[in-house]
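# Geometric and topological summary
Each chain, written out:
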Amino acid sequence: MQTTFLAQQFVPLMFIGLFTLLLTGFPVAFGLAATGLAFGFVGIEAGIFPAAMFQALPLRIFGIMQNDTLLAIPFFTFMGIILERSGMAEDLLETVGQVFGPVRGGVAIAVILVGALLAATTGVVAAAVISMGLISLPIMLRYGYSRTIATGTITASGTLAQAIPPSLVLIVLADQLGRSVGDMYSGALIPGLLLVALYIAFIVAVAIFKPDMVPALPPEALLYKEDNGKSGHRSLLVLMLICTAVGYGWAQVHDGLMTKWLERAVPSAGDEIVIMSLTLASLTGLALAILNHITKMHLLSRLAEQVTFVLMPPLILIFLVLGTIFLGVATPTEGGAMGALGAIILALGKRRLSFSLTKQALENTAKLATFVLFILIGSTVFSFTFNAADGHIWVEHLFDKMPGGAWGFLIVVNILVFILGCFIDFFEIAFIVIPLLAPVAEKILPGLVPGMTPDQAMIWFGVIIAMNLQTSFLTPPFGFALFYLRSVAAKFDYKDRVTGKMIPSVKTIEIYKGSIAFIVLQLIMLVCVIAFPVLVTGGIEVKETLSADQIMQQLEMPKAEEAADPTLGMGGAKDGGMSAPAGAAEEDPMKAMLEAAEKDAKKKP
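Just so it is clear, the structure is predicted and the values come from calculations on it, not from any experiment.

## Thoughts on the nonpolar core
- By size, the foremost hydrophobic cluster in this structure holds 171 residues, and its most contacted members are Y185, W460 and F461.
- Looking at which element gives the most residues to this core, the answer is helix α14 (residues 302-327), with 15 residues.
- For F461, the contacting residues outside a window of four places in its chain are L177, F409, L410, V413, L437, A441 and L445.

## Focus on the environment of Y484
- Inspection of the secondary structure puts Y484 in helix α21 (residues 480-488).
- Taking the C-alpha atoms as reference, Y484 lies 8.6 Å from G133; in sequence the two are 351 residues apart.
- Apart from the residues within four sequence positions on either side, Y484 is in contact with V125, A126, V129 and I130.

## A word on a nonpolar patch on the surface
- On the surface, I411, I415, I419, F423, F478 and F483 cluster together into a nonpolar patch covering about 590 Å² of accessible area.
- With three residues, the top contributor of residues to the nonpolar patch is helix α18 (residues 405-421).
- Looking at where F478 falls in the secondary structure, it is placed in the loop between α20 (454-472) and α21.

## Description of the packing of aromatic side chains
- For the structure on display, the rule yields nine aromatic pairs.
- Measuring from centroid to centroid gives 6.2 Å for F409 and F461, while their planes differ by 20°, and the two rings are stacked. Here F409 is found in helix α18, whereas its partner F461 is found in helix α20, with 52 residues between them in sequence. Like F409, the residue F461 is buried in the burial classification.

## Topic: the pattern of salt bridges
- Inspection of the entire model under this criterion finds five salt bridges.
- The partner of R352 in a salt bridge is D91, and the shortest N-O contact between them spans 2.8 Å. Taken as a pair, R352 in the loop between α15 (332-349) and α16 (355-388) and D91 in helix α6 (residues 88-100) lie far apart in primary sequence, 261 residues in all.
- Residue classification places D91 among the buried residues on the basis of a relative accessible area of 18%.
- Of the charged contacts in the structure, one is a salt bridge between E442 and R179, with a shortest N-O distance of 2.8 Å. In this pair, E442 is assigned in helix α19 (residues 426-444) and R179 in the loop between α10 (168-177) and α11 (181-209), connecting sequence segments 263 residues apart.
- Residue E442 is classed as partly exposed on the basis of its relative accessible area, which comes to 37%.
- Within this structure, D91, K350 and R352 form a network of salt bridges that share partners.

## As for the confidence of the model for the protein
- Per-residue confidence for the protein gives a mean pLDDT of 79; residues scoring 70 or more make up 86%.
- Within the protein, helix α25 (residues 557-564) has the poorest average pLDDT of any element, 44, and α11 the best, 90.
- Low pLDDT (under 50) marks residues 557-590, which in the prediction has 15 contacts with non-local residues, meaning those over four places away or in another chain.
- Between residues 601-605, whose pLDDT stays under 50, and residues either more than four places distant or in other chains, the model counts one contact.

## Comments concerning the packing of helix α4 (residues 57-65) against α16
- α16 packs onto α4 with a crossing angle of 150° between their chain directions and a minimal axis gap of 10 Å. When the axes of α4 and α16 are compared, the pair comes out roughly antiparallel. Once α4 is placed against α16, the crossing between them reads as right-handed. The residues of α16 that touch α4, namely those facing L57, R60, I61, I64 and M65, are L373, L376, I377, T380, V381 and F384.
- Looking at side-chain class alone, the contact of α4 with α16 contains nine nonpolar, one polar and one charged residues.

## Comments concerning the environment of F492
- Looking at where F492 falls in the secondary structure, it is placed in the loop between α21 and β1 (494-495).
- You can call F492 exposed: its relative accessible area is 67%.
- Sequence separation between F492 and V506 is 14 residues; the distance between their C-alpha atoms is 7.6 Å.

Procedures and definitions
Residues numbered from 1 in each chain as written. Predicted model: local features only at pLDDT ≥ 70, side-chain atom pairs only at ≥ 80, totals over all residues. Heavy atoms only, no water. Core = buried A, V, L, I, M, F, W, Y, C linked by side-chain atoms within 4.5 Å. Buried < 20%, exposed > 50% of the residue type's maximum accessible area, 1.4 Å probe, protein only. Helix = DSSP H or I, 4+ residues; strand = E, 2+ residues; numbered from the N terminus. Contact = heavy atoms within 4.5 Å. Patch = residues over 30% accessible without salt bridge, like charges linked within 9 Å, V, L, I, M, F, W, Y side chains within 5 Å. Areas by Shrake-Rupley, 256 points an atom, 1.4 Å probe, with all protein chains shown as cover. Salt bridge = Lys/Arg side-chain N within 4 Å of Asp/Glu carboxyl O. Phe/Tyr/Trp six-rings, centres within 6.5 Å; stacked < 30°, edge-to-face > 60°. pLDDT = per-residue confidence, 0-100. Axes fitted to C-alpha atoms, helices over the stretch in contact; angles between N-to-C directions. Parallel < 35°, antiparallel > 145°, perpendicular 65-115°, else oblique. Left-handed = near helix turned anticlockwise from the far one by under 90°. Nonpolar A, V, L, I, M, F, W, Y, C, P; charged D, E, K, R; others polar.

Shown next, in the form of structure tokens:
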């Protein structure tokens, strides 16, 4: 009787045990593993599982260690830390702030653009929010920005690291959903860029209707003036037009050149054309600035040179990493390795690479990689016991009677992930919750939109989850981005070192209020991604997959040609040779193997 009850309620009891263990403050990775092992042994003793069940567990662990995709995590982490600690964030914020500073809302726009760049390099929310909070917040408060606009812009821009490639979030989601990281990057690129545009549009609207909330920088705050007192913006505009013309020209010929060079049978993807055109445009701008600096021709203003030397190298690095991945020249892991090497070269070029910096970057990279790996091992142990108890079927039954079908599933999952994101870190959600939801999503989402393939549906689902988690980073009172800014914002009144005025401290309630408008913007973007899947799937190449029967037809084509050969005899050999046994075609080992594999795949959850 007790054994029957335990078998029926085994999966809910596992969840209760895990939740109770995590509430005690026990580390998540070890809590997952302990719950999986403990309930596994209980199930074995109760006769629910075979005694030899855990013999397959070491193979699962070794499979994680051999996963090349996860190598991209330490590579991109190392790249981001080197670029961040070498002063890239400070240089970008100062320079981009000088470009947009003379207009209302310019500093906020600069923060958004730099946040997008930091997202594409560091890939970590904490690093982006803390960097911009230390550098930009004092400047915005100094010149009279609304505190809610200032704090909201910084926290929201920092969360862009969740959704803009090459994001660690997208790598982990692609791995957990069993899909290509390159496709996940392609799917997230347009929604990420549209979200940046939405942020900027909001700041522009505030500047038009509430100009006092986002004042322009005064003339004395502009650093890169010409000798005649001009700002140098005209020279920068001319340089941008030249680079734009080069990029546009390349976009027109890219498909023809790449199709011929790579011998492709399909046209180039749109995101690939965009990335490569931006790369060439950035290289053109950098080459012109270097030529102007060496020859002392003074064709470019000080501002144009500064912007080019500060902005173009990290942009070129990002575009090259993404470009090689989108072109298929490099895997995400190889792209990450190239990015790490490029970050070292950039830091050397700025003469900021030191032994202590490298040591610090390696230590932090090792800590994060170890953290991710142990959570993944713990979640594997937990899911091993969970799946052995048919937990995936239990989860599927939770959603199959849901009103609204697939749309109802999407709404409930988004609400669940949104709430969980307020309390626990992304990696815990990715390694605990996503593997439970992925089989259900793979089963019901492909039929939701006509013409959507299973791969496209899962990429779409992954981008939705990434955008959702990005929103949860801003939700009071548990949003992590709010805590990161709170840790570096002024807690006491202080005297500004430039103006000499007393600046009041930043209150926590001001940080909370500042996030509300950007939460609304992110939810609008999330709804757009759900309502218009083409934003994600439009740049994903549809790959044809062959069934076992189609493979066999291709393998048997030579036999058909031989059968049509009039020189062959009845037995299938020339000159009246021995005929093959009548049942040879039916006993073909290749066909039997493929049929067995297909049956096993259907049995698997």
